[in-house]
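# Fold and contact review
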Amino acid sequence: MRLIAIITFVGGLCFTTTSFGNTARSVCMSSHFSFRGNFQQQTDTSKKVADTGAVGIVPAEGSIQKKLQSNGNSLDPKKLSIFPAISLQQYLKGEAAGLYVQEPSGEPGTVQNMFIRGTSQPLLSAREVFATQPLIVVDGVPLVGEHPFAYDIQQYKFDRIGPATNTLANINMANIKSVEVLKDISATAIYGPKGANGVILITTIEPTAKRRITFDSYVGVVQPNSVVTINGKFENDFRRQFYDKYSGTGNFGSNDVYPLYLSDSLNNAFYGPSNWTDKYYNTQMQYGANASISGGGARANFRFSVGGIKSAGVADNTSADRYDTRFIINMKPMEWLTVSAMVNANRISRDRNKNVRDRLAQVNYIPDLSTPLAPNKDRYGQYLDQFNKGFDDNKTNTVNGYVKLGIDLQKFKFVSTLALDYNEGTRDIFYARTLLQTNNYASNYFGYNQRATIDNVATYEYDLNEDNKFNFSVGSIFQFDNYRYSYAYAYKGANDFIKLNLLESDKNNSNYLNPTVFRRELVYKFLDRTRNNQVSFYGKADYSYKDKYTASLLLRGDASSNQQPTKRWFYSPVLSLGWDLKKEFLADDRSVSNFNLFGSIGRMARYEHFDNYGQGPQYTAAIGFTGNAIVPGYNGIAVLTRPYMAGSIGYGLEWAYTDQANLGLNISFLNNRLSTSIDGYFREDKNMLLGIPSGAEYGYTQVIKNGMNVRNTGVDLTVSGIILPAGKSLSWNSSLNLNYNKNKLTALPGGLDKLVIGDRLLKVGSSVDSYWLLENNGIYNTDAEVPVVNGKTMTYNSIQMKAGDPRWKDINGDNSIDDADRTLQGHALPLLSGGFNNDFGYKKWSLSLNFYYNFGRQLLNQEMANRFDFINREGQNDINSVREITFWEKRGEYSKYPLYNPASSVGPYQVNQDLFLENASFVKLRTVSLGYDFTDYFKKRSSNFNKFYVYVSANNVFTLTKYTGQDPELVSYTGYDNGYGMQIPRTYTLGVKVDF
Amino acid sequence: MKKIVLLSLIACVLVAGGCKKALDINPTRLVSEKNYWKTLEDARAGIMGVYGLTRSALADNNGHWIYGDVRMGNFDSPIRMDLKAVIKNDLKASYPVVEALSNWRRFYAIINAANIFLERIPEVKANDARYTDNNMVVDIAQVKFLRAFAYFYMVRIWGDVPFITSSRDGSFDNVGKTSKDAILEFVQSEMLAAAVDLPYNFSSGDIQQPGNYYGESSGRWQGNLVRKLSAYAVLAHVAAWQGKYADVVTYSSNVINDYTRAGMSYISTDNLTNPNGFFYDKNNNQLFAFGFVWGHQEGSFTGNIESLTLAAPVVNKNTPDIFVPKDSILSIFKETNDARFNIDTTGTTHSFDRYFTNFLGKYPVFSKIKVILGGERDPTFRLFSSALVFTRLEDITLLRAEAYTVLGENSRAIDDLNIIRQRRYNVDQMGLPNPDLWIRYSEPLHGSLIEAIFKERQKEFMGEGMRWYDRIRYEKIKQTNAPFLQLINNGGIYWPISREVLAQNPLLTQNSYWK
């Protein structure tokens, strides 16, 4: 006890205040000290485990902390590893109640987003998405994501510059012992402000003293779904309808142009067969192999693993390859001292898509776009060949590791961890002249994200007597984040043979260090860096009475260099309570095997990742304008002005924080044959920063202010049952997880009750993921049909409506359609989502079926809106008028939409109307896998075999949905389906897992 | 046990000591208030920022040309629906560009940056001895001028606008509109004061700016900064907009009398239309201009007239965003011997690629300004570096001619008009130079004097963002075009205020015409 006091005191040295509690804080690993891997019974039939066998619900007995948590949190990595995924998000999709995963493209290795219990902010840009991602902690190493600050120099923000590889594509499921999705504040609070969006805790397999070798491998094919193609005739017929209906002369004005590629019906490239799919979609092989060896003695042991995987996409020859290696060593030089170290290194290289849009966004130059790619196979092939004259190399290296020092004196434990996560990416590009109207392009990017953490934890177990047990911990965390990139690109090199931006290397040459191949004026260079540090202290006391009642109180103090000096520290408490009802009331009832009630309530800071808010009023070098974000200065001289485009930042900005309450129940019956966890939660993220569009008369686009509150409420439910127990001829386990979540904006800065940001409306009391739409009721066929009130014809934004314009609903009845007539509709994030998994066993056979579903989700079919709005998109020669090769794929239902006058200036085909809103609910059969366990067979021949399991699986088998476009999953966080999502491949896999 | 306690003690103390330090990071991405307004370099970054913001405000969405040339002007647009709306004066049409151009935020960024500069610059003076009195005087004059210029520009676009002359950092109170006349009075007095303090040229041994300005020689500053004559030239425009033609004569005479002192001259047609001529780079003849200097990597894909007008064969783009229809060209360029555009009776053009290229094609390309890359004729890469020129000597000369005409001093007006005519109508039927061929203005040949002056302006400044304002002045003088006069009287010559701005500031009301 004295010891704790001393350490608390020491922690207190850092700040001068003597307020209690903020000095204390707890262990990142205490909650998973005792952890036991289990596996679905079909692969472990030798060991008739008593576990439910259902999706890895692993109640860890003993720990007080564990009793305060939902049983629905843990996932079974061995089962997850059957899925031929490359990213963590893919593995976890639909597996845990309350964790929602977005996979906006089937292109392997691309960025995917995760949301635990909804989003805490309106997702306006990559910045908000970054701020809402959960924290991933691997063996106590908090992983660092790719900081979105590089978007600042990007004109087109579709992908971040650099390789834009999913940084969570580095987790090899074969090495993982447990995956836990921590959702409520009782579990996440210990990870601090960066864990405010939830924490995904990954624990790797520890070394074993006994020598053990494992090997697993799979090989598979990915196969595209069939598509219907169209050609120039189809498109021409489609457009002609409008011209026939609305223009007597065949064009909309004397100076109009009808696109040449559609008007020339003799042009075989456009009017001939539309067989581009032969070159675009393809069946590819993918494979993976992992091996590990572990061994040593009781005092020192190690585990070494290597793995390699190739993940392939079905289109554009995309793929991602990963090689990983991991080494972990534990040493116990003294009975009470443990030292362990781990290093994990990965290399991911990616073959990216060849989308015109993404290439032009990278090149930052829009050539003449009046003629799109032709749907003809040979013509498209010629286009693809141009890429072979250059390169686009994307590589990401990830290294993470730790050194841990553990002192174990029975009651007193101390763990000190130095953890490092580092990922770097390079992208080297050369596009030949033929790809960009005779201008070639070279670009090089190198950037890294780095997080170093020093984490100290001391715990003390104190059992007052048999009934009263305590567990105290105090801890400190120091975290140093560092993000940097250097980037250069150049246009118009001397020729297509020198593909690098060479510099003059002769020191005596007056041109020293100037480019020699590319012109100096056409070489653009960027260098940027952002850093931030976090310091935290916490103290935690756990208490249990007769193992029936448990309580835990956490107090923490967090400080960040990204907060303003006057408001740097944030202090917060978390209280958790548990009650074992089984022990209390049903100790003798054999039908109920487990019955726990638990709840938590608390507050925690939310981390701010950008360093500009902490500085108050400031000056930056951003004087760009629309279409030119990177103006380098004036007259070649650097400038400093207020951040007019980014928004005004004043003094007095504070920490945002989250208030959370959780009430949960774990109950299981009949010797765990049926178990249920249900969690009701309330989560309100408060005082968050938001740019309020204001201060236009002071030059600002917005003023950054604290005060946005968003509330998420919902239920997580996991039910699993052993319908037919193992041992008999046929076994059947079934498990369902679901999350129902609703978000609501509860406050805006400055007491505003609504706010328009771009084409979004944020309204207090409504959800933050809704679309702001006009209601469409058909078409005005004649001018006479347009309502006239008091002699005034109905207008749209003061433009008189005419025949051929949409009949939009006049909500406020003022006979004019404007923003006041838009209503909030739909949700970009699902109300209900989850998975439904079934495992059947018969003798040595096992069969599993995994379903994934979303309900209560809508999206806007922008792809169709674009197709109908051809006049405006044809007219603008900008990034939005790019037509990909998939322009020649028939998606969506044309007959659904009325034929408006496309040339009307009211924007009849604007996407923000309910005409384009569609139900995006779906049910997917994600996995069917059939396995056979050969363990016994091999064991008879060699006792060394622990496991030999062979399986075949099919993934992404079918989707049931009412959505008329592509797969409703293939949509970015905005909920606008722009058609850029690449099919999530259907894969067929044959795999083997061996332990000996 | 003791050892452990001791060890953890030491460890904790060590990290705790570094804790305060760890939490104070000076970001490299920005400069915080406490580190700014200290040195000469800060002053330079500040004033260049005001210039840069002005350039950005005018170039944003090609606004300078869409406001000045596209709106009810000579141009038509083949495919851009948003520009068609602007051409028709349908400024409430729901297109992003139209909406963006009705937002005045970017002009207030200039004003805010200027206000901050004026409030804080004494701190630099106090902190850095290298920052001389004179440096501060000319800096303040330039910044005040740019602030006044931003107001002038806004008044021309929106009429009455909010009037703010202090930074009010941190408390951005909403402000209602102030009458345009009051603002223009302010603009005039500020510009006059600036004109007094400014030198004829920078780093050129001018008594009002001795030594090298910010350590850079005169070449660096040519055409890029506000000089004494720039101030008078813009003042002439301000006075003309207000209809104070006597003042126009005063201010423009200041320019015309002293232009040689400022290293300027009248430019030839070739110089006007050459890729590496008048619009290229920076030069003293750019009387008040903002350069996109190629050598400083300021060339841009957008924010210039070229990105709107140029197309094949001048650059590799199929259709121009805007073009002057053939019959308009023929009706505007009716006079013979015009070097800018010259066509004979057989329909053959002899003006090379000066004003129009591909005249016989469906869309004649307006190629007067075509500074591709570093002033080349390379059609392959659409990066342009032409300067955004607000006014030049020819403009001020014709403006004085206009003023003289209004004031009834026709012979002086004709003299001024002939200065320009002499330099433009000097080619033969084959388009070859022949300085003897030009003829003086005469009413029977060229119509009434005021019409001739404005016709000359229409030709001379086509594509320089002047047409719309010229037209308003012309109609005000003529008082014959009833529909247009009504447009002037009911505020239809102004732009609507962006919905975004109106939503932010409840003290504002939409301009009456656009309600």
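Residues numbered from 1 in each chain as written. Chains lettered and ligands numbered in written order. Predicted model: local features only at pLDDT ≥ 70, side-chain atom pairs only at ≥ 80, totals over all residues.

## Comments concerning the overall build of chain A
Inclusion rule: Numbering of helices and strands runs from the N terminus, with a helix taken as a DSSP run of H or I at least four residues long and a strand as a DSSP run of E at least two residues long. With C-alpha atoms as the basis for the radius of gyration, the globule rule is written as 2.2 Å multiplied by the number of residues raised to the power 0.38. Put plainly, a residue is buried at 20 or more neighbouring C-beta atoms within 10 Å of its own, exposed at 12 or fewer, and partly exposed in between, counting only other residues' C-beta atoms, which are placed from the backbone.
Across its full length, chain A carries 16 helices and 43 strands. A compact globule built from 996 residues would reach a C-alpha radius of gyration of about 30 Å, and chain A, at 30 Å, matches this within 12%. C-alpha atoms of chain A, sized along the principal axes, occupy 95 × 80 × 70 Å. For chain A, with 996 residues in total, the buried portion stands at 54%.

## What about the overall build of chain B?
Filter applied, for reference: We call two residues in contact whenever the C-beta atoms placed from their backbones are within 7 Å.
Check the secondary structure of chain B and you find 22 helices and seven strands. What you see for chain B is a C-alpha radius of gyration of 26 Å, in line with the 24 Å of a compact globule of 515 residues. Summarising its shape, the C-alpha atoms of chain B cover approximately 110 × 50 × 45 Å along the three principal directions. For chain B, buried positions account for 56% of its 515 residues. Sequence separation of at least 24 residues holds for 66% of the intrachain contacts in chain B that already meet a minimum separation of 6.

## Side note on the sheet that holds strand β5 (residues 141-142) of chain A
Residues and elements named next belong to chain A. To keep it simple, the criterion reads: Two strands form a pair only when DSSP identifies at least two bridges running between them.
Pairing is mixed in the open sheet, where five strands are placed in the order β1-β6-β7-β4-β5. Of all strands in the sheet, those bounded by a partner on one side alone are β1 (74-75) and β5. With six bridges connecting them, strand β6 (residues 176-182) and strand β7 (residues 199-204) associate as antiparallel partners. Of the residues in β7, the one forming a bridge with Ile 176 is Thr 204.

## Considerations on the pairing of strand β2 (residues 99-102) of chain A
Residue and element names in this part refer to chain A. The alternating pattern of β2 places Leu 99 and Val 101 and Tyr 100 and Gln 102 on opposite faces, both of which are buried. Examined bridge by bridge, β2 and strand β3 (residues 113-116) share four bridges and lie antiparallel to one another. When the bridges of β3 are listed, Gln 102 appears paired with Asn 113.

## Section: the confidence of the model for chain B
Defined as follows: Scored from 0 to 100, pLDDT reflects the predictor's confidence in each residue.
The predicted model of chain B averages 92 in pLDDT, with 96% of residues at 70 or higher. Predicted complex metrics record ipTM = 0.93 and pTM = 0.90.

## Here we look at the interface of chain B and chain A
Many analyses report the size of an interface as the accessible area lost when the parts associate. The following threshold applies: Residue polarity is assigned by list, with Asp, Glu, Lys and Arg as charged and Ala, Val, Leu, Ile, Met, Phe, Trp, Tyr, Cys and Pro as nonpolar; anything else, Gly included, falls into the polar class.
Taken together, the contact between chain B and chain A spans 89 residues of the former and 88 residues of the latter. Of all the secondary structure elements, the ones that give two or more residues to the side of chain B that touches chain A are α1 (2-17), α2 (19-23), β1 (31-32), α3 (40-59), α5 (81-87), α7 (105-127) and α22 (499-504) of chain B. Looking at side-chain class alone, the side of chain B that touches chain A contains 45 nonpolar, 27 polar and 17 charged residues. Here two bridges tie strand β21 (residues 618-619) of chain A to β1 of chain B, and the two strands are oriented antiparallel to one another. Note on β1 of chain B: the bridge partner recorded for Gln 618 of chain A is Ser 32 of chain B.

## Notes on the environment of Phe 149 of chain B
Residue placement: Phe 149 of chain B occurs in helix α8 (residues 133-158). With 125 residues separating them along the chain, Phe 149 of chain B and Asp 24 of chain B place their C-alpha atoms 41 Å apart.

## Let's talk about the sheet that holds strand β33 (residues 799-800) of chain A
Residue and element names in this part refer to chain A. Read across the sheet, three strands follow the order β33-β32-β35 without closing on themselves; strand pairing throughout is mixed. Since the sheet does not close on itself, it has two edges, and those belong to β33 and β35 (816-817), each with one partner. Of the strand pairs in this sheet, strand β32 (residues 795-796) and β35 are connected by two bridges, and their pairing is parallel. Directly across from Tyr 796, in β35, lies its bridge partner Ile 817.

## Comments concerning helix α21 (residues 482-489) of chain B
Here α21 of chain B lies mainly on the outside; zero of its eight residues are buried. Among the residues trailing α21 of chain B, Gly 491 of chain B stands out with phi positive, at a value near 80°.

## Observations regarding α7 of chain B
Just so we agree on the cut-off: By definition here, a helix of n residues has an expected span of 1.5 Å times n minus one. Bend is computed residue by residue as the angle between axes fitted to the seven residues ending at the residue and the seven residues starting at it.
Compared with the 33 Å implied by 1.5 Å per residue over 23 residues, the 32 Å span of α7 of chain B between its first and last C-alpha is a close match. At Arg 120 of chain B, α7 of chain B is deflected by roughly 40°, the largest bend along its length, and proline Pro 122 of chain B occurs up to four residues later in sequence.

## Section: the packing of helix α11 (residues 228-242) of chain B against helix α16 (residues 393-406) of chain B
Residue and element names in this part refer to chain B. Heads up, the rule is: Note on geometry: axes are C-alpha line fits, over the in-contact stretch for helices, and angles between N-to-C directions span 0 to 180 degrees. By definition, any crossing whose near helix is turned counterclockwise from its far helix by less than a right angle is left-handed, and any crossing with a clockwise turn is right-handed.
It is the contact of α11 with α16, at a shortest axis distance of 10 Å, that shows an interaxial angle of 35°. For the element pair α11 and α16, the recorded crossing hand is left-handed. Every residue of α16 that contacts α11 at Ala 233, Ala 236 and Ala 240 is listed here: Ile 396, Leu 399 and Ala 403. Class assignment for the residues of the contact of α11 with α16 results in six nonpolar, no polar and no charged.

## Concerning the packing of α3 of chain B against α7 of chain B
Residues and elements named next belong to chain B. Put simply, the rule is: Reported orientations rely on four angle classes, namely roughly parallel under 35 degrees, roughly antiparallel over 145, roughly perpendicular from 65 to 115, and oblique for the rest.
Two elements in contact, α3 and α7, have axes separated by 9 Å at closest approach and are oriented at 165°. Taken as axis vectors, α3 and α7 run roughly antiparallel relative to one another. Between α3 and α7 lies a crossing of left-handed hand. Counting all contacts with α3, which are made through Leu 40, Asp 42, Ala 43, Gly 46, Ile 47, Gly 49, Val 50, Leu 53, Thr 54, Ser 56 and Ala 57, the residues of α7 involved are Arg 106, Phe 107, Ala 109, Ile 110, Ala 113, Ala 114, Phe 117, Ile 121 and Val 124. Per-class residue counts for the contact of α3 with α7 are 14 nonpolar, four polar and two charged.

## Considering the confidence of the model for chain A
As a note on interpretation, predicted positions should not be read in detail where pLDDT is low. All names here are of chain A. Looking at chain A as a whole, its pLDDT mean stands at 87, while 92% of the residues score no less than 70. Mean pLDDT values over the elements of chain A span from 35, in helix α1 (residues 2-12), up to 96, in strand β28 (residues 771-773). Of the regions scoring below 50 in pLDDT, residues 1-62 engages in 158 contacts with residues more than four places distant in sequence or in other chains.

## Considerations on the environment of Val 957 of chain A
All names here are of chain A. Among the secondary structure elements, Val 957 is positioned in strand β42 (residues 947-961). Along the backbone, Val 957 and Thr 927 are 30 residues apart, and their C-alpha atoms lie at a distance of 7.0 Å. Val 957 has contacts with Leu 925, Val 928 and Arg 986, leaving out every residue within four places of it along the chain.

## A few points about unusual backbone geometry
A cis amide bond, omega 5°, links Ala 312 of chain B with the succeeding residue Pro 313 of chain B. Within the secondary structure layout, Pro 313 of chain B lies in the loop between α14 (306-309) and α15 (326-332). Phi angles above zero are rare outside glycine, and Asp 316 of chain A is one such case at about 60°. Within the fold, Asp 316 of chain A resides in the loop between β10 (300-312) and β11 (319-334). Positive phi, close to 50°, is recorded for Lys 843 of chain A, a residue that is not glycine.

## Things to note about the environment of Asn 444 of chain A
Residue and element names in this part refer to chain A. Assignment of secondary structure puts Asn 444 in strand β15 (residues 441-463). With 43 residues separating them in the primary sequence, Asn 444 and Tyr 487 have C-alpha atoms 5.8 Å apart. Beyond its immediate chain neighbours, meaning those up to four positions away, Asn 444 contacts Asp 428, Ala 488 and Asn 501.

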